[in-house]
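# Descriptive structure summary
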Amino acid sequence: MASEAGEKQESGRGKVTGSKLDLALVLLRLLAFFATLSATVVMALNKQTKTIVVATIGTVPITTTLTAKFQHTPAFVFFVIANGNASLHNLLMLVVGFMGPKWNFKGLAHLAIPVLDLMNVAIVSGGASAAVFMGQLGRDGNSHARWNKICDKFDSYCDRSGGAMIASLVGLMLMTVICSVNIIRLRNHNSNKIVLDSSVNVVP
Amino acid sequence: MSLSKRIPIFLLRLLALGATVSATLVMITSHDSAQLFNMKFEAKYTNSPTFKYFVLMNAIASGYSLILLFLPSKSSYGHLILILDLVMALLLDSSISACLAIGQVGKNGNSHAGWLPICGQVPKFCDHVTGALVAGFVAAIVYFLILLYSLHNIMNLFFLKT
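This structure is a prediction, so every number in the text was calculated from the model and none was measured.

## Notes on a nonpolar patch on the surface
Residue and element names in this part refer to chain A. A grouping of Leu 27, Leu 30, Phe 34, Leu 37, Val 41 and Leu 45 is seen on the molecular surface, where their side chains present a nonpolar patch of about 560 Å² in accessible area. Within the fold, Leu 30 resides in helix 2 (residues 18-44). On the accessibility criterion, Leu 30 (34% relative accessible area) is partly exposed.

Structural data, given as structure tokens:
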């Protein structure tokens with residue numbers, strides 16, 4: 001108990017009032033939702049087909065069709081799954097944010113929201129970075145491993161996956177900001193409370 | 001913060017320091033070469049930007065762990081340390097994920113892109129990189145544990161359960 005009171009350090013760190021901060025958070029989360037949703041959709045619909053001539057017998061060219069799909073690469077599959085998960089999470093948090101005052105969570109939401117946010121930020125960061133480095137490998141190739149680049153043949157596939165990566169990185173940055181604000185508010189929220197047995201009195 | 005709360009965090013940070021330092025060192029010392037039909041395969045960690053990113057991130061995280069080991073726990077930078085912990089955990093997580101993606105291509109190849117696997121030619125390099133990735137994975141998990149433990153200290157979970 002003594003350590004609890006001792007934790008009341010700089011509780012007035014936030015210079016923004018409560019409702020303005022809530023509005024800013026909702027706006028950020030809306031932007032993050034759109035960013036992750038567009039990343040998921042653009043990468044999921046990413047496909048390019050190219051017909052190239054392999055040989056010519058007489059006057060008849062023999063063609064073969066090559067397809068580039070996002071399912072060919074496990075990194076892009078994980079990217080789609082991670083961003084889909086994150087967009088669902090953002091949607092859920094938006095709904096909870098709008099309907100929040102009507103539902104009484106008894107303090108469980110104050111713990112669950114930052115932890116869930118943390119998990120989803122980690123998953124999106126893993127997915128986005130795996131896709132970025134796989135895309136870099138596809139764009140530049142690797143001469144030491146004798147891997148040819150593929151972006152010179154499938155340019156629109158590469159462009160679209162690059163756009164999806166940018167959207168996902170923007171969403172990742174926004175979600176990191178939201179997560180850190182939630183964690184700091186958790187710390188402030190708990191340091192403002194003085195626990196009196198079983199009744200909870202919020203002492204400002 | 002009382003001693004009973006300081007010791008677990010100190011131990012976790014020590015573990016994170018060990019994991020990140022070992023990941024950096026193991027990845028730096030990985031190299032192998034093979035001779036195949038007059039072509040010389042030389043595999044080092046600098047061949048791939050992904051592995052260089054992994055080494056860089058783990059070096060930064062090990063320096064950060066070293067600095068934080070000697071920081072007094074009840075300083076006024078509590079918020080900053082929490083945010084930096086989050087950022088470090090995310091960076092480690094992204095570096096391990098990218099290396100896993102590239103390592104999977106190196107081990108299994110990608111038939112659609114015409115990329116042959118290289119682990120058959122340079123097995124020592126592949127094993128070394130696998131060891132470095134395991135250490136990096138442990139480092140990422142320990143950083144997330146540090147973050148969760150900081151959250152637990154803030155939240156006082158026992159208060160919620162009553």
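That was the structure; now back to the text.
## Some thoughts on the packing of helix 2 of chain A against helix 3 (residues 74-99) of chain A
The description of two helices packed together rests on the angle between their axes and the distance between the axes. Residue and element names in this part refer to chain A. Interaxial distance between helix 2 and helix 3 falls to 8 Å at its minimum, and their mutual angle equals 150 degrees. When the axis of helix 2 is compared with that of helix 3, the two are roughly antiparallel. Taken as a pair, helix 2 and helix 3 cross one another with a handedness that is left-handed. Split by residue class, the contact of helix 2 with helix 3 holds 16 nonpolar, 7 polar and 1 charged.

## Focus on the state of the cysteines
Residues and elements named next belong to chain A. Per the stated rule, a full pass over the model turns up 2 disulfides over all chains. Residue pairing for Cys 151: its cysteine sulfur links by disulfide to Cys 158, the two sulfurs lying 1.7 Å apart. Here the S-S torsion is close to -95 degrees, and the disulfide linking Cys 151 with Cys 158 is therefore left-handed. One exposure class covers both Cys 151 and Cys 158, and it is buried.

## A closer look at the UniProt feature "transmembrane region" (unreviewed entry) in chain B
Residue and element names in this part refer to chain B. Taken from the UniProt record, the annotation "transmembrane region" (unreviewed entry) applies to residues 12-31, 51-71, 83-106 and 132-151. Helix makes up 85% of residues 12-31 and strand 5%, and the two end C-alpha atoms of the span are 31 Å apart. Summarising residues 132-151: 100% helix, 0% strand, and an end-to-end C-alpha distance of 29 Å.

Calculation criteria
Residues numbered from 1 in each chain as written. Chains lettered and ligands numbered in written order. Predicted model: local features only at pLDDT ≥ 70, side-chain atom pairs only at ≥ 80, totals over all residues. Heavy atoms only, no water. Patch = residues over 30% accessible without salt bridge, like charges linked within 9 Å, V, L, I, M, F, W, Y side chains within 5 Å. Areas by Shrake-Rupley, 256 points an atom, 1.4 Å probe, with all protein chains shown as cover. Salt bridge = Lys/Arg side-chain N within 4 Å of Asp/Glu carboxyl O. Helix = DSSP H or I, 4+ residues; strand = E, 2+ residues; numbered from the N terminus. Buried < 20%, exposed > 50% of the residue type's maximum accessible area, 1.4 Å probe, protein only. Axes fitted to C-alpha atoms, helices over the stretch in contact; angles between N-to-C directions. Parallel < 35°, antiparallel > 145°, perpendicular 65-115°, else oblique. Left-handed = near helix turned anticlockwise from the far one by under 90°. Nonpolar A, V, L, I, M, F, W, Y, C, P; charged D, E, K, R; others polar. Disulfide = S-S within 2.5 Å. UniProt positions renumbered as here; feature names shortened; annotations may be inferred.

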